[in-house]
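So the chains spell out like this:
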Amino acid sequence: LEEIEDKESREEGEGGGLRELYDTKEGYDEGTLQVDPMHEVYYRVYNPNATKATALFLHGGPGAGCFPNHARFFDPDHYRVVLIDQRGCGKSKPRGATAGNNITALVGDLEHLRDHLGVGQWDVVL
């Protein structure tokens with residue numbers, strides 16, 4: 001019976017059921033980036049020495065920002081993971097501000113951060 005239950009739980013995980021999150025292998029780098037006179041965005045980079053690919057994770061809204069577990073969706077053997085607290089969210093400043101917060105500004109902020117981190121291209125995950 002134990003053998004059957006074990007086989008069923010593996011199949012459930014492989015077939016679209018819940019799966020475990022990855023552990024982050026290394027520490028992280030973090031910082032802030034002034035993107036205009038009013039806004040400073042907070043970012044965190046997990047697995048900073050990964051060389052295969054970079055994933056940018058964008059949180060939902062409004063206001064919450066990113067959490068460390070968001071980096072655990074990505075295989076640390078493959079991805080350098082960038083989390084950013086978008087304008088007005090999380091640890092970005094000014095918190096809760098909506099002035100100048102629009103899609104054009106968001107794309108500009110992301111490009112500014114990509115350049116700042118020296119990333120040629122990244123996979124964007126929503």
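Each value, and the rule that gives it
- Residues numbered from 1 in each chain as written.
- Predicted model: local features only at pLDDT ≥ 70, side-chain atom pairs only at ≥ 80, totals over all residues.
- Heavy atoms only, no water.
- Pairing = 2+ DSSP bridges.
- Helix = DSSP H or I, 4+ residues; strand = E, 2+ residues; numbered from the N terminus.
- Axes fitted to C-alpha atoms, helices over the stretch in contact; angles between N-to-C directions.
- Phe/Tyr/Trp six-rings, centres within 6.5 Å; stacked < 30°, edge-to-face > 60°.
- Buried < 20%, exposed > 50% of the residue type's maximum accessible area, 1.4 Å probe, protein only.
- Lys NZ or Arg CZ within 6 Å of the ring centre and 35° of its normal.

Trainee: What am I meant to see in the sheet that holds strand S3 (residues 53-58) here?
Mentor: The pairing of strands in a sheet comes from backbone hydrogen bonds and takes either a parallel or an antiparallel form. In space, the 5 strands of this open sheet follow the order S1-S2-S4-S3-S5, with mixed pairing throughout. Strands with a single pairing partner mark the edges of an open sheet, and in this sheet they are strand S1 (28-34) and strand S5 (123-125). The mean angle between the axes of side-by-side strands here comes to 25 degrees, regardless of whether they run parallel or antiparallel. Two strands pair when backbone bridges link them, and S1 and strand S2 (residues 40-46) are joined in this way by 7 bridges, in the antiparallel orientation. Residue pairing across strands places Gln34 opposite Glu40, the latter belonging to S2.

Trainee: Would you explain the packing of aromatic side chains in this entry?
Mentor: To describe a pair of aromatic rings, one takes the distance between the centres and the angle between the planes. Tallied over the entire structure, the rule returns 3 aromatic pairs. On the basis of an interplanar angle of 25 degrees and a centroid distance of 6.3 Å, the ring pair of Phe57 and Phe73 is categorised as stacked. Taken as a pair, Phe57 in strand S3 and Phe73 in the loop between S3 and strand S4 (79-85) lie far apart in primary sequence, 16 residues in all. For Phe57, a relative accessible area of 9% gives the class buried. Phe73 sits in the partly exposed class, given a relative accessible area of 40%. Each ring, one from Phe74 and one from Tyr79, has its centre 5.7 Å from the other, and the planes form 65 degrees; the classification is edge-to-face. Judged by relative accessible area, Phe74 falls into the buried class, the value being 8%. Positioned above the aromatic ring of Tyr28, the side-chain terminus of Arg44 is 4.1 Å from the ring centre.

Geometry only, nothing functional implied.
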